[in-house]
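# Geometric and topological summary
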Amino acid sequence: MSKKTETPKPELPNVKKTYGKRGLMLVIFGSMALLGAGGVVFYIFNMNMIIGALGLILVFAGGLGFYYYWGQSKDLQIQYVGDVPKEQVNSLTLYPDIVKFEDIYNPGGFIWHCINDGKPYFVNIEVDKKIIPYILPDQQYYDPNVFAQRVLDLPAHRALFTRRQELFQKLKPLIAAVVGIGLWILIMTTTGG
Amino acid sequence: MGLFVGKAEQKTQLFFRDDRKFIFRKLPLEHSCIVEKKDGKLVRAWKHFYGAEIPFAGYKNISADAVTLGFNRDIILDPFNKIKVGDEVSKKPSLIGDSLNKWIARIAENMRHVYRGKRTTRTTGDVVTWLIVGIDCLMGIGWAIRFMTG
């Protein structure tokens, strides 16, 4: 009888994940909106204008915040993969197949500062299996500023396709605000606020 | 798309500044470019190539991700020559002849088609109007309930 051979289970990469603030913000803004809704209900039965106005503001602010964070991607982040150095190292090295922080003996070149952690590092690159100090090239192609504002943004072309508003469209927010003020006066005069 | 502009896909860029500082930062990826914006306007952009992404395993508070290299003075940084050379938008232009001009013209032409098909239909004024109308409706409902019951 042949013994069943077991194939080794492939190992998953050693991954550490961290969760962001999205859930917390959803709870905060959701609570704010609910609290505001309570204020509006209180206003309906007691006609307390201050509580009512505060409730409306909270409903809209909370609702907008909730809507915004609901639309955000779930900010689960992969903090690190594999074995990364837990202590301070002296270099950032660019390899063709990986970028990593590591200790290099007798590093050369200038010191760079990493803005993420505020620490100094040597920056090296692997060229022909040798680690050498990394030097930025001069411009060869196009300036990022000009590329963004002239090539990608195409201001003249976009101006042709910008929606032109008519007078009524421009006045719509004002008309809505005047209706709101009229309603408020109506409320004050018919219910006594 | 809602009241807010949808959040674009983000990419991690290892960005080298001219003052010998570097940063791992997440920036939106729009129209095949990693873009830097200020007040909603494009300020700087770097051409993004998936073939130029290099894995980064993470370190301290910097998340692991596939990173692309970038620097202050140019839109392409490819020290390992991973991107093929050609006039197509998916390749990097040759530095000989007018390849760069043709490449830039192709990107601009693409953008023209994008903007032509994406004519603005809603303005900030529309959003403000709908917010105020919402408040008006709530006030009106409250008043009506109170007026009829009391």
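With that out of the way, let us pick up the overall build of chain B. Counting secondary structure elements, chain B contains two helices and six strands. Its helices and strands taken in sequence order, chain B reads β-β-β-β-β-β-α-α from the N to the C terminus. With 150 residues in all, chain B has 30% of them scored as buried. Counting only contacts in chain B whose residues sit at least 6 apart along the sequence, the fraction spanning at least 24 positions is 29%.

Interface size, as often reported, equals the accessible area lost upon joining of the parts. The interface of chain B with chain A comprises 67 residues on the first partner and 71 residues on the second. Where the side of chain B that touches chain A is concerned, the elements lending two or more residues are β1 (10-16), β2 (21-30), β3 (33-38), β4 (41-47), β5 (54-56), β6 (65-71), α1 (99-117) and α2 (124-149) of chain B. It is α2 of chain B that provides the largest number of residues to the side of chain B that touches chain A, a total of 16 residues. By residue class, the composition of the side of chain B that touches chain A is 44 nonpolar, eleven polar and twelve charged. Pairing between strand β5 (residues 111-114) of chain A and β2 of chain B: two bridges, direction parallel. The residue bridging C114 of chain A from the neighbouring strand is F22 of chain B, located in β2 of chain B.

Residues separated by three or four positions in an α-helix point in the same direction, a consequence of the helix having 3.6 residues per turn. Residue and element names in this part refer to chain B. With 19 residues, α1 extends 28 Å from end C-alpha to end C-alpha; this agrees with the ideal 27 Å at 1.5 Å per step. Along α1, the residues classified as buried are W103, I104 and I107. Down the axis of α1, the buried side of the element spans an arc of 95°, and every buried residue falls inside it. Of the exposed residues in α1, those oriented more than 90 degrees away from the buried face are N101, E109, H113, R116 and G117.

Across its 25 residues, helix α1 (residues 22-46) of chain A extends 36 Å between first and last C-alpha, which sits within 8% of the 36 Å expected from 1.5 Å per residue. Those residues of α1 of chain A not exposed but buried are F29, M32, A33, G36, G39, V40 and Y43 of chain A. In the core, the buried residues of α1 of chain A are packed alongside α2 (49-71) of chain A together with α2 of chain B. Positive backbone phi, approximately 55°, marks M47 of chain A, located one or two places after α1 of chain A.

This next bit is on unusual backbone geometry. Most peptide bonds adopt trans geometry, and most residues besides glycine take a negative phi value. Of note in the backbone geometry, K129 of chain A takes a positive phi value of approximately 65° without being a glycine. Along the chain, the position of K129 of chain A falls in the loop between β6 (120-127) and β7 (130-133). Not every positive phi belongs to a glycine, and D39 of chain B is a case in point at roughly 55°. In this fold, D39 of chain B is placed in the loop between β3 and β4.

Bringing the confidence of the model for chain A into the picture now. Fine structural detail should not be taken from predicted coordinates in areas where pLDDT scores are low. Averaged over chain A, the pLDDT score is 83; the fraction of residues at 70 or greater is 88%. By mean pLDDT, strand β1 (residues 15-18) of chain A is the weakest element of chain A at 72, and β5 of chain A is the strongest at 95.

Residue and element names in this part refer to chain A. Their axes nearest at 7 Å, the elements α1 and α2 cross at an angle of 155°. Accordingly, the angle class assigned to the pair α1 and α2 is roughly antiparallel. Crossing angle aside, the handedness with which α1 passes α2 is left-handed.

A separate point is the pairing of β4 of chain B. All names here are of chain B. Counting buried positions along β4 gives five out of seven residues, so the element sits mostly inside the fold. As judged from the six bridges shared by β3 and β4, these two strands associate in the antiparallel manner. Looking at the pairing, I34 lines up with W46 of β4.

Once that is clear, we can look at the packing of α1 of chain A against α2 of chain B. At a minimum axis separation of 8 Å, α1 of chain A and α2 of chain B run at an interaxial angle of 35°. In terms of crossing hand, the pair formed by α1 of chain A and α2 of chain B is right-handed. Facing α1 of chain A, whose interface residues are V40, Y43 and I44 of chain A, α2 of chain B presents L138, G142, I145 and R146 of chain B. Looking at the contact of α1 of chain A with α2 of chain B residue by residue, the class counts come to five nonpolar, one polar and one charged.

To continue, consider the confidence of the model for chain B. Residues and elements named next belong to chain B. For chain B, per-residue confidence averages 85 on the pLDDT scale, and 90% of positions sit at 70 or higher. When mean pLDDT is taken per element in chain B, β6 scores highest with 94 and α2 scores lowest with 78. In this model, residues 1-5 is a region of pLDDT below 50 whose contacts with residues beyond four sequence positions or in other chains number seven contacts. Reported confidences for the modelled complex are a pTM of 0.68 and an ipTM of 0.76.

Let us now look at the nonpolar core. Formed by 43 residues in total, the largest nonpolar core has its most connected members in V123 of chain A together with L14, V35 and A45 of chain B. If one sorts the elements of this core by residue count, β6 of chain A sits on top with four residues. Among residues more than four places away in sequence, those in contact with L14 of chain B are V99 of chain A together with F22, F24, V67 and L69 of chain B.

Scoring rules and cut-offs
- Residues numbered from 1 in each chain as written.
- Chains lettered and ligands numbered in written order.
- Predicted model: local features only at pLDDT ≥ 70, side-chain atom pairs only at ≥ 80, totals over all residues.
- Helix = DSSP H or I, 4+ residues; strand = E, 2+ residues; numbered from the N terminus.
- Buried ≥ 20, exposed ≤ 12 C-beta atoms within 10 Å, placed from the backbone.
- Contact = placed C-beta atoms within 7 Å.
- Nonpolar A, V, L, I, M, F, W, Y, C, P; charged D, E, K, R; others polar.
- Pairing = 2+ DSSP bridges.
- Expected span 1.5 Å × (residues − 1).
- Arc of directions from axis to C-beta.
- pLDDT = per-residue confidence, 0-100.
- Axes fitted to C-alpha atoms, helices over the stretch in contact; angles between N-to-C directions.
- Parallel < 35°, antiparallel > 145°, perpendicular 65-115°, else oblique.
- Left-handed = near helix turned anticlockwise from the far one by under 90°.
- Core = buried A, V, L, I, M, F, W, Y, C linked by C-beta atoms within 7 Å.

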